[in-house]
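In case you want the letters, here they are:
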Amino acid sequence: MNVAATSDSLQTLVVIGNGMVGHHCVEQLVARGALARYRIHVFGEETRRAYDRVHLSEYLNGRDAESMALGEASLYEQEGLTLHLGEPVLEIDRHQQEVVTASGRTAYDKLVLATGSYPFVPPIAGAEGASRLVYRSIDDLDLIREAASGARRGVVVGGGLLGLEAANALKSLNLEAHVVEFAPRLMPVQLDEAGGAALKARIESLGVGVHLSRATQDIKPGTQYRYRMRFAEGAPLETDLIVFSAGIRPQVYLARKAGLALAERGGVAIDGHCRSSDERIYAIGECASWSGTVFGLVAPGYQMARIVAAELCGAPETAFTGADMSTKLKLLGVDVGSIGDAHGATPGSRSYRYIDEAGSSYRRLVVSADGKRVLGAVLVGDNSYYDTLLQYAQNGIAPPADPSSLILPQGQAAPLLGVDALPATATICSCHNVNKGAICDAIDGGCTDLASVKGCTKAASGCGGCAGLLKQVVEHELASRGVAVDKSLCEHFAYTRQELYSIVRVSGVESFEELLASHGRGHVGCEICKPAVGSILASCWSRPIQDPHLVPLQDTNDTFMANMQKNGTYSVVPRIPAGEVTPEGLIAIGAVAKKYKLYVKITGGQRIDLFGAQLHELPGIWSELIDAGFETGHAYGKSTRTVKSCVGSTWCRYGVQDSVKMALDIEHRYKGLRAPHKLKFAVSGCTRECAEAQSKDIGVIATENGWNLYVCGNGGMRPRHAELFATDLDDETLIRYIDRVLMFYIRTADKLQRTSVWRESLEGGLDYLKQVVIDDSLGLGAELEAQMQLVVDRYECEWANAIDDPEKLKRFRTFVNDSRGDPDIQFVQERGQPKPAPARAAQRVIPIAEEVV
């Protein structure tokens, strides 16, 4: 391949590197209209397009690589933008202005180096193969997973951020994990001595061995394990695999070979506009060194990417002047935060410390000599203080007269800094450089909720650490503009759905009329409150949807317990738990479909849908299905739909648990559950994930030691990947956690709110949900379980209930005074099955009941 610079008005821009920073640079270039100026070529060493390295550990927990990809693949499909994956650049020929790959040469007018960094592995004798693994890419994690097969113990060399992430990864692979650190404390760059000690105590309590002040001398064959690590001091340590996370080094091979100026401590030397010593070449991210400093976080790299994109598009931004290296993390489940001058290196600075040795918690606040400015902080064990302290430090806000009150326990601490006190210049999202002013501009521009603000500004779409603060700012700014002050469900109820749920549960209200009379306004309700209250009543008391108290509250689908289709007919969906069905069951479904001339389709949720039933036919169809042993599949309701499963250990040679039995148990337990939105489940018998559990509201994946639980995912218009909630659970604990998650969701979610959106709205996010469910921090565990058990105990098939009640059957008529079907509904044959006649499909929607005249 030889690509020459074009002779037309377009120049050629080459970007070397398709990591997070390189990808962000391309995004910014496209957004600024660079394709009208340049033909852009992007070269990446890996065969995958840019993916999220911040959450790399989730890959070993079962997350698939494709879901980690950044942005849409369509970005690189635009005319004028070419992505070369698996094609590393071998040389930069500055004289000819060309980059050289194995495929040929590509000329450039401008060049951006985004080559990132590589993991440093000390020159230790015997470090090779499984004793010389690194933790940097998806391919690296595949090697770690392979090495972990059949292993018992793993060691990470390096106790920094990535080292502790790697240790967590080893634990997720069911290995005994150890961390070896050369320094006398963990995270020596971010934490002081006391903070490191608190972190060590926390991590050791989780069963991870921590070995400090250890310099590895050599690695030799072991006696009880595969390898034996010998240290300069201290007893040796045996292990089956070794992962090195001893720091990173800027990837400057190409720059050095091309003769670009390098910084004394590594990295391509750049100026404030990220230009190298060659004005045609820029460097961004971890391969760049500004003022002698290499920035190893994604946020500074993104900042550099924005500066270069603006420069290349003729609209230079403010020069790069360094970056805030504050970090908020959860390592092995332990909160760790570091802000500004965490070590108190500023001359004259004073420190306040709070130490809880019993709970292994530690907080340090660093202030200026006069006590009028917060300079830095260290947090171990509780990051709830982080957002407030960060804003004090970043925005020069004067602390209280007693600065120590900022880190005291709840009840003794100073009031949290209100978002109204933050200036417009206050940075809310450092990854995408979004300040409070930009959020206010987005709201003034028409964004009226958190999701639209995120979409407009990209805030909280990087590492996600600012999500809580962003929510506070958005809610405050909306309220100050009068947009979201009133959180009433509707004009009839001055309460949110959550508040109404509590009223119903505590007061024992069992009818809409009773609730309206006691806590509402008006006499009849509306299309907003009636279905919402109906759902609450069904969730609380598990009454059949045909109960006289609930019928007037439902929409058409729930009223007739079937989904109305576009030609006015209905679909019938019997429950097929876990996708398991007997030959006799299949024959019965086929006989019903043939008798009533129904269209038959197998769904993605492992059920069989029957389409084309007229209203008056529904009781007859369901009567025959129920006689054959089927129940309603609740396809018409905001309720549990399906529990998808693979064949698991019963048939599959890879299966490690009986996924079918677990899926059956789950579906039979939750099949009557009504919720704010539909619920879908899946159970996979191994990490090959054939049931696609990680795209469901509740996903369960088998491990050698039990089950991994994933929560709050969904497909649909806005897909969400489920998040790992707990690992290696036994059957009883798994069901208990699912009970609590679902009932807490039903109890606190907004109307028509999916589990994923609900999880995003929780203050504290997934960690908070874990505290509520696993740690029972609110003391609600037993109550949530009891409420779920009530639903289970009261379950009955809604169609069986209706068929046995002559009064309920009266509503299943197209015409109130005639039992015939609707003559306007017509079908045509296609591929051997009946389908709606196209000419009539758009003309006819049947109301609840008509009178034949």
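These remarks concern the structure in this document.

### Description of the overall build of the protein
Turning to step 1, where the next piece is worked out: From N to C terminus, the protein includes 25 helices and 39 strands.
Turning to step 2, where the next piece is worked out: Compactness check: the protein gives a C-alpha radius of gyration of 31 Å against a globular reference of 29 Å for 853 residues, within 12% of the reference.
Turning to step 3, where the next piece is worked out: Counting only C-alpha atoms and orienting by the principal axes, one finds that the protein spans roughly 90 × 70 × 65 Å.
Turning to step 4, where the next piece is worked out: By residue count, 53% of the 853 residues in the protein fall in the buried class.
Turning to step 5, where the next piece is worked out: Counted over contacts in the protein with a minimum sequence separation of 6, partners at least 24 positions apart contribute 63%.
Turning to step 6, where the next piece is worked out: Put simply, the protein shows about 36,600 Å² of open surface, and 50% of that area lies on carbon and sulfur atoms.
Turning to step 7, where the next piece is worked out: Taking the average place of the 88 positive charges on the side chains of the protein and the average place of its 103 negative ones, the gap between the two points comes to 1 Å.

### Some details on the sheet that holds strand E36 (residues 706-711)
In a beta sheet, neighbouring strands pair by backbone hydrogen bonds and run either parallel or antiparallel.
Turning to step 1, where the next piece is worked out: Spatially, five strands are ordered E33-E34-E35-E36-E37 in an open sheet, and the strand pairing comes out mixed. A single partner strand is all that each edge strand has here, and the edge strands are strand E33 (640-645) and strand E37 (723-729). Direction aside, neighbouring strands of the sheet carry axes that sit 15° apart on average.
Turning to step 2, where the next piece is worked out: Relative to strand E35 (residues 698-703), strand E34 (residues 679-684) runs parallel, the two being bridged by four bridges. Counterpart to Ala-682 in the pairing with E35 is Gly-699.
Turning to step 3, where the next piece is worked out: Helix H21 (residues 765-773) contacts E36 and E37 of the sheet and is inclined by roughly 35° relative to E37.

### Points about the sheet that holds strand E10 (residues 133-134)
Turning to step 1, where the next piece is worked out: An order of E10-E17-E11-E12-E13 is seen for the five strands of this open sheet, with the pairing classed as parallel. Looking along the sheet, the strands with just one partner apiece sit at the ends: E10 and strand E13 (209-211).
Turning to step 2, where the next piece is worked out: The pairing of strand E11 (residues 153-157) with strand E12 (residues 176-180) spans five bridges and is parallel. By the bridge assignment for E12, Val-156 is matched with Val-179.

### Focus on the pattern of salt bridges
Turning to step 1, where the next piece is worked out: Under the criterion given, the structure shown has 30 salt bridges.
Turning to step 2, where the next piece is worked out: As a salt-bridge pair, Arg-105 and Asp-93 come within 3.2 Å of each other at their nearest N and O atoms. With Arg-105 in strand E7 (residues 104-107) and Asp-93 in strand E5 (residues 89-93), this residue pair connects regions lying twelve residues apart in the sequence.
Turning to step 3, where the next piece is worked out: On the basis of relative accessibility, which here comes to 30%, the residue Arg-105 falls in the partly exposed class.
Turning to step 4, where the next piece is worked out: Exposure remark for Asp-93: the relative accessible area of 16% places this residue in the buried category.
Turning to step 5, where the next piece is worked out: In this structure, Asp-387 engages Lys-328 in a salt bridge whose closest nitrogen and oxygen atoms are separated by 3.4 Å. A residue pair is termed long-range when its members are at least 10 positions apart, and Asp-387 in helix H7 (residues 386-395) and Lys-328 in strand E22 (residues 327-331) qualify at 59 residues.
Turning to step 6, where the next piece is worked out: Look at Asp-387 and you get buried, because its relative accessible area is 17%.

### Considerations on the environment of Ile-626
Turning to step 1, where the next piece is worked out: Locating Ile-626 in the fold gives a position in helix H16 (residues 618-627).
Turning to step 2, where the next piece is worked out: By relative accessible area, Ile-626 is classed as partly exposed at 23%.
Turning to step 3, where the next piece is worked out: As for Ile-626 and Glu-98, which are separated by 528 residues in sequence, their C-alpha atoms are 73 Å apart.
Turning to step 4, where the next piece is worked out: Sequence-distant contacts of Ile-626, that is, excluding residues within four places in its chain, are made with Cys-797, Trp-799, Ala-800 and Ile-803.

### Here's the deal with the nonpolar core
Turning to step 1, where the next piece is worked out: In this structure, Ile-92, Leu-113 and Ile-284 are the most contacted members of the largest nonpolar core, which totals 88 residues.
Turning to step 2, where the next piece is worked out: Take this core: its biggest share by element is nine residues, from helix H6 (residues 298-312).
Turning to step 3, where the next piece is worked out: Among residues more than four places away in sequence, those in contact with Ile-92 are Ile-16, Glu-98, Val-99, Tyr-108, Leu-111, Leu-113, Leu-254, Ala-258 and Ile-281.
Turning to step 4, where the next piece is worked out: Counting 63 residues, the second largest nonpolar core, distinct from the first, contains Ala-532, Ala-663, Ala-726 and Val-773.

### Observations regarding the state of the cysteines
Turning to step 1, where the next piece is worked out: With the rule as written, the count across this model stands at zero disulfides.
Turning to step 2, where the next piece is worked out: Cysteine Cys-456 is unpaired, with the sulfur of Cys-447 as its nearest cysteine sulfur at 4.3 Å.

### Notes on unusual backbone geometry
Turning to step 1, where the next piece is worked out: One non-glycine residue, Asp-776, lies in positive phi territory at about 55°.
Turning to step 2, where the next piece is worked out: Tracing the sequence through the fold places Asp-776 in the loop between H21 and helix H22 (781-793).
Turning to step 3, where the next piece is worked out: Phi at Arg-831 takes a positive value of approximately 55°, unusual for a residue other than glycine.
Turning to step 4, where the next piece is worked out: Locating Arg-831 in the fold gives a position in the loop between strand E38 (827-830) and strand E39 (833-836).

### Side note on helix H8 (residues 436-444)
Turning to step 1, where the next piece is worked out: Along H8, the positions that sit buried rather than exposed are Lys-436, Gly-437, Ile-439, Cys-440, Ala-442 and Ile-443.
Turning to step 2, where the next piece is worked out: You can read the cap of H8 off the contacts: a side-chain oxygen lies 3.1 Å from the backbone nitrogen of Gly-437, and it is on Asn-435.
Turning to step 3, where the next piece is worked out: Two residues or fewer past H8, Gly-446 is found with a positive phi of approximately 120°.

### Observations concerning the packing of aromatic side chains
Turning to step 1, where the next piece is worked out: A full pass over the atoms with the stated rule returns eleven aromatic pairs.
Turning to step 2, where the next piece is worked out: Judged by centre distance (6.4 Å) and plane angle (85°), the ring pair of Phe-725 and Tyr-737 falls under edge-to-face. Of this pair, Phe-725 sits in strand E37 while Tyr-737 is found in helix H19 (residues 731-748), placing the two residues twelve residues apart along the sequence.
Turning to step 3, where the next piece is worked out: What links up through ring pairs into an aromatic cluster is the set Phe-744, Tyr-745, Trp-758 and Tyr-768.

### Considering the pairing of strand E25 (residues 361-367)
Turning to step 1, where the next piece is worked out: Counting buried residues in E25 gives seven out of seven residues, a clear majority hidden from the surface.
Turning to step 2, where the next piece is worked out: Because side chains alternate across E25, one face comprises the buried residues Ser-361, Arg-363, Leu-365 and Val-367, and the other comprises Tyr-362, Arg-364 and Val-366, equally buried.
Turning to step 3, where the next piece is worked out: Note: strand E24 (residues 350-356) against E25, seven bridges, orientation antiparallel. Note that in E25 the partner of Ile-355 across the bridge is Tyr-362.

### Brief notes about the environment of Phe-827
Turning to step 1, where the next piece is worked out: Positionally, Phe-827 belongs in strand E38.
Turning to step 2, where the next piece is worked out: Apart from the residues lying within four places of it in its own chain, the contact partners of Phe-827 are Asn-567, Thr-569, Gly-612, Pro-834, Lys-835, Pro-836 and Ala-837.

### With respect to helix H4 (residues 193-205)
Turning to step 1, where the next piece is worked out: For H4, spanning 13 residues, the distance from its first C-alpha to its last is 19 Å, which sits close to the expected 18 Å at 1.5 Å a residue.
Turning to step 2, where the next piece is worked out: Within H4, the full set of buried residues consists of Gly-195, Gly-196, Ala-198, Leu-199 and Ile-203. With its buried residues spanning 160° around the axis, H4 presents them on a single face. When the buried face of H4 is taken as reference, the exposed residues oriented beyond 90 degrees from it are Glu-193 and Ser-205.
Turning to step 3, where the next piece is worked out: Downstream of H4 by one or two residues, Gly-207 has phi in the positive range, about 90°.

Calculation criteria
Residues numbered from 1 in each chain as written. Predicted model: local features only at pLDDT ≥ 70, side-chain atom pairs only at ≥ 80, totals over all residues. Heavy atoms only, no water. Helix = DSSP H or I, 4+ residues; strand = E, 2+ residues; numbered from the N terminus. Rg over C-alpha atoms; globule rule 2.2 N^0.38 Å. Buried < 20%, exposed > 50% of the residue type's maximum accessible area, 1.4 Å probe, protein only. Contact = heavy atoms within 4.5 Å. Areas by Shrake-Rupley, 256 points an atom, 1.4 Å probe, with all protein chains shown as cover. Lys, Arg positive; Asp, Glu negative; His and termini not counted. Charge placed at Lys NZ, Arg CZ, Asp CG, Glu CD. Pairing = 2+ DSSP bridges. Axes fitted to C-alpha atoms, helices over the stretch in contact; angles between N-to-C directions. Salt bridge = Lys/Arg side-chain N within 4 Å of Asp/Glu carboxyl O. Core = buried A, V, L, I, M, F, W, Y, C linked by side-chain atoms within 4.5 Å. Disulfide = S-S within 2.5 Å. Polar contact = N/O pair within 3.5 Å; in protein donor to acceptor, adjacent residues only side chain to side chain. Phe/Tyr/Trp six-rings, centres within 6.5 Å; stacked < 30°, edge-to-face > 60°. Expected span 1.5 Å × (residues − 1). Arc of directions from axis to C-beta.

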